[in-house]
Protein chains: 2
Amino acid sequence: MNFNPQISNLPIYEAGKPIELVIREFGIEPQNVVKLASNENPLGCSPLVLEAMKESIKSANLYPDDSYYELKESLANLYNVNSKNIVIGSGSDQVIEFIMHAKLNPNTAMLSAGVTFAMYEIYAKHIGAKIYKTKSSQHSLDEIKELYNAHKKEIKVVFLCLPNNPLGECLDASDVYEFISSIDSDTLVVIDGAYMEFAKFKDSRKTINPSDIIKLSNSIYLGTFSKAYGLGGMRVGYGIANEQIITAISKLRAPFNITTPSLAAAIAAVKDQDFIVKTLQNNFKEMSIYEQFAKDNDIEFIPSYTNFITFIFDNSKDSTQICDKLLRQGIILRNLRSYGLNAIRITIGTNEQNIKVLEALKKEI
Amino acid sequence: MNFNPQISNLPIYEAGKPIELVIREFGIEPQNVVKLASNENPLGCSPLVLEAMKESIKSANLYPDDSYYELKESLANLYNVNSKNIVIGSGSDQVIEFIMHAKLNPNTAMLSAGVTFAMYEIYAKHIGAKIYKTKSSQHSLDEIKELYNAHKKEIKVVFLCLPNNPLGECLDASDVYEFISSIDSDTLVVIDGAYMEFAKFKDSRKTINPSDIIKLSNSIYLGTFSKAYGLGGMRVGYGIANEQIITAISKLRAPFNITTPSLAAAIAAVKDQDFIVKTLQNNFKEMSIYEQFAKDNDIEFIPSYTNFITFIFDNSKDSTQICDKLLRQGIILRNLRSYGLNAIRITIGTNEQNIKVLEALKKEI
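Keep in mind it's a predicted model, so treat the numbers as computed, not measured.

Enquirer: Help me understand the packing of helix H3 (residues 69-79) of chain A against helix H11 (residues 260-271) of chain A, please; the structure alone is not making it clear to me.
Expert: The description of two packed helices rests on the angle between their axes and on the distance between the axes. Residue and element names in this part refer to chain A. For the pair H3 and H11, the least separation of the axes is 9 Å and the interaxial angle reads 25 degrees. Classified by the angle between their axes, H3 and H11 sit roughly parallel to one another. Between H3 and H11 lies a crossing of left-handed hand. In contact with Glu-70, Leu-71, Ser-74, Leu-75 and Leu-78 of H3, H11 contributes Leu-263, Ala-266, Ile-267, Val-270 and Lys-271. Here the contact of H3 with H11 is composed, by residue class, of 7 nonpolar, 1 polar and 2 charged.

So this is what it looks like as structure tokens:
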């Protein structure tokens with residue numbers, strides 16, 4: 001059986017190793033596993049959300065209200081936009097997929113920072129579109145502009161991951177708005193705000209407002225319930241843009257693309273903004289422990305606007321070896337070797353988890 | 001902003017109207033709404049599944065084990081195949097999407113019965129592939145073969161919906177196997193078994209065994225947890241085929257394509273086969289009430305191998321008018337006018353629901 005030519009060269013996304021795998025492979029008791037590899041919320045989710053899900057699972061036999069009426073209304077209120085400016089995805093990943101299928105084809109290209117969210121590239125490869133990335137790992141608008149200008153006719157989607165996963169840096173909003181205005185009206189600039197709640201809490205200059213993005217003809221904002229809202233396992237994200245863009249990409253949304261409990265969870269999650277504040281406060285308080293550790297141990301780190309921190313090692317250390325040794329002790333971190341970096345990304349956990357990780361790390365470096 | 005040319009002509013799938021919409025639009029109390037429009041299980045789901053979900057929502061912040069190890073092992077045992085023969089989708093819909101993107105492009109075509117599951121056509125249109133359908137609404141293997149032979153070079157995917165949604169008929173397995181053997185080795189025959197549990201319970205001659213399908217180089221079996229298992233709202237389906245096919249289409253699966261509670265629900269659901277038997281017994285016992293009603297009222301119906309029954313009206317009646325009138329009373333059925341038929345598809349409900357629907361229908365016909 002033959003398949004479309006691009007299929008044979010497709011990479012497979014390397015997800016953070018699940019707890020179940022560590023239990024199976026190394027015989028470690030579940031309660032002793034520390035997983036800080038997938039930027040999940042260590043505080044869980046809001047108790048209001050838990051209640052909503054508990055009620056909702058009784059209707060697991062019923063498809064969700066596919067209009068997502070109430071969720072869209074909640075998000076519209078939260079961001080001061082209209083329901084018609086919103087599309088719901090199974091994670092913001094799926095909104096990326098819609099965008100790629102709506103804008104790209106084998107004669108076009110996407111552009112991103114050198115090291116950024118791996119799914120951009122993977123979805124582009126699904127389609128057989130060309131991929132341009134800057135030489136710099138972190139976002140450099142100068143380099144992005146240079147590449148854009150050199151391949152203007154081809155590039156139909158530009159990704160800005162703000163703040164950037166898996167590195168943690170974040171561009172200033174004023175620079176971003178200026179950048180978008182310099183890009184052709186037929187090229188879509190995607191502002192991936194999966195971790196935006198963290199960035200704007202740390203520094204208001206990073207704040208990208210979806211209510212500003214909807215005024216533009218060539219930009220879309222992506223948000224998710226997976227990170228600050230603590231619902232990684234529920235797969236709900238969204239795109240916010242002007243109505244023309246939303247109408248087009250919504251046509252690629254299959255019905256019932258999120259589950260019934262996911263819909264209930266997301267609606268409840270928007271209502272509990274106190275939980276978000278608690279999450280953000282814990283995150284940056286705990287992050288300072290990692291920063292101090294890095295300074296004390298001469299480890300380079302990227303100042304982070306997210307819920308993770310990236311340690312970059314010099315040649316005397318090997319991120320793969322370190323991750324493997326920790327894995328055998330039940331500590332799951334994300335090795336960034338597959339991104340071409342001798343670095344480890346660590347999700348900020350609870351105080352107890354963070355202390356355990358740093359004690360183990362201390363012994364291996 | 002321009003989009004890929006096929007986007008502008010894309011239809012949007014018309015889902016069954018959700019209960020929430022009827023409550024909003026007609027001010028009907030939730031407990032008075034009867035929704036028999038989306039072939040959801042009227043008995044809910046297994047109590048074991050409910051327990052598993054209740055436990056699992058506590059981990060809503062954690063992504064699922066993306067290897068789906070335990071679920072694949074359960075399905076492999078159930079169907080006497082290997083884990084490597086299985087791909088998991090967010091509903092079997094998503095497996096259809098993988099297949100289309102792996103096999104089709106604008107120079108190829110798909111083939112199906114005249115009236116069948118609408119998503120086949122919608123996904124083909126996403127890609128800009130050509131669509132061939134038989135003149136007959138119901139599956140006619142003679143007509144399918146004839147169309148296939150006439151457009152052999154183009155047709156790369158053939159759908160057999162067994163039993164067929166939204167009509168209910170089902171081909172015999174022996175005819176299906178013979179048909180597959182007559183199809184080129186580079187054309188994938190998709191056996192959509194979303195309602196297969198119902199068909200094989202009613203008549204064992206309809207049974208397609210995934211363990212037979214994996215021996216073939218050009219066929220894939222699709223199953224779902226949405227129907228007999230009562231998990232429509234959880235979005236879990238699967239494809240079973242030989243390893244070469246599964247390896248190829250799995251490359252199009254994004255990580256974490258089902259939710260954490262969905263994974264727990266599906267694993268538990270496989271364990272409670274007694275619930276399936278209860279579902280199937282209730283279904284066909286209640287279906288006989290609809291058959292008797294149709295006979296008593298001179299309404300044509302298609303003998304059904306599924307959890308729904310399709311009433312076909314003569315010109316003296318109008319399915320759209322009937323559905324609209326019932327909708328205003330809080331009864332949601334599926335009008336098949338958008339499929340070009342003067343017909344209504346009714347999901348078999350609980351005894352109480354069925355009596356209410358037939359009493360209301362009696363007044364409107």
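Next, the rest of the story.
Enquirer: Would you mind showing me how to read helix H14 (residues 351-364) of chain B here?
Expert: In an α-helix, one turn spans 3.6 residues, which is why side chains three or four residues apart end up on the same side. All names here are of chain B. Under the 1.5 Å per step criterion, the end-to-end length of H14 is 20 Å for 14 residues, consistent within 8% with the ideal 20 Å. The complete set of buried residues in H14 reads Asn-354, Val-357, Leu-358, Ala-360 and Leu-361. Seen from one end, H14 has its buried residues packed into an arc of 165 degrees, which puts them on one side. Counted as exposed and oriented over 90 degrees from the buried face of H14: Glu-352, Glu-359 and Lys-363. Buried residues along H14 sit against strand S1 (34-35), helix H12 (273-296), strand S10 (308-312), helix H13 (319-328), strand S11 (331-332) and strand S13 (343-347).

Enquirer: Which parts of the structure should I look at to understand the relation of the copies chain B and chain A?
Expert: Relating the two copies of this chain is a rotation about some axis coupled with a shift parallel to it. Here chain B sits on chain A after a turn of 180 degrees about the axis and a move of 0.0 Å along it, with an RMSD of 0.0 Å. On the angle and the small slide along the axis, the relation comes out as a two-fold axis. It is Lys-54 of chain B whose C-alpha, among those of chain B, lies nearest the rotation axis, at 3.2 Å.

Enquirer: Sorry if this is basic, but what is going on with the pairing of strand S5 (residues 155-161) of chain B here?
Expert: For a regular strand, side-chain orientation follows a simple rule: the groups alternate between the two sheet faces. Residue and element names in this part refer to chain B. For S5, a buried count of 7 out of 7 residues is recorded, marking the element as mostly surrounded by other parts of the structure. Both strand S3 (residues 109-112) and S5 contribute to a ladder of 3 bridges, which runs parallel. Each residue of the ladder has a partner; that of Met-110, found in S5, is Val-157. Pairing geometry for S5 and strand S6 (residues 188-192), over 5 bridges, is parallel. What sits directly across from Leu-160, in S6, is Ile-191. Each parallel crossover has a hand, and for S5 linked through helix H7 (residues 173-181) to S6 it is right-handed.

Enquirer: What is the right way to look at the interface of chain B and chain A in this model?
Expert: Where interface size is given, it is often the accessible area lost as the parts come together that is meant. Taken together, the contact pairs 68 residues of chain B with 69 residues of chain A. Of all residues in chain B, the largest losses of buried area upon contact with chain A belong to Met-1, Tyr-63 and Lys-251 of chain B, amounting jointly to 14% of the total for that side. Counting every contact that joins chain B to chain A gives 2 salt bridges. Where chain B packs against chain A, one counts 40 residue pairs in polar contact (both at pLDDT 80 or more). Mapped by element, the contributors of at least two residues to the side of chain B that touches chain A are helix H1 (19-26), helix H2 (47-56), helix H4 (92-103), helix H5 (118-127), helix H10 (243-250) and helix H11 (260-271) of chain B. Top contributing element to the side of chain B that touches chain A by residue count: H10 of chain B, with 4 residues. Each residue belonging to the side of chain B that touches chain A can be placed in one class, and the counts come to 33 nonpolar, 23 polar and 12 charged.

About the cut-offs
- Residues numbered from 1 in each chain as written.
- Chains lettered and ligands numbered in written order.
- Predicted model: local features only at pLDDT ≥ 70, side-chain atom pairs only at ≥ 80, totals over all residues.
- Heavy atoms only, no water.
- Axes fitted to C-alpha atoms, helices over the stretch in contact; angles between N-to-C directions.
- Helix = DSSP H or I, 4+ residues; strand = E, 2+ residues; numbered from the N terminus.
- Parallel < 35°, antiparallel > 145°, perpendicular 65-115°, else oblique.
- Left-handed = near helix turned anticlockwise from the far one by under 90°.
- Contact = heavy atoms within 4.5 Å.
- Nonpolar A, V, L, I, M, F, W, Y, C, P; charged D, E, K, R; others polar.
- Expected span 1.5 Å × (residues − 1).
- Buried < 20%, exposed > 50% of the residue type's maximum accessible area, 1.4 Å probe, protein only.
- Arc of directions from axis to C-beta.
- Least-squares fit on C-alpha atoms with pLDDT ≥ 70 in both.
- Pairing = 2+ DSSP bridges.
- Right-handed = clockwise from strand over helix to strand, strands pointing away.
- Buried area = accessible area lost by both parts, 1.4 Å probe.
- Salt bridge = Lys/Arg side-chain N within 4 Å of Asp/Glu carboxyl O.
- Polar contact = N/O pair within 3.5 Å; in protein donor to acceptor, adjacent residues only side chain to side chain.

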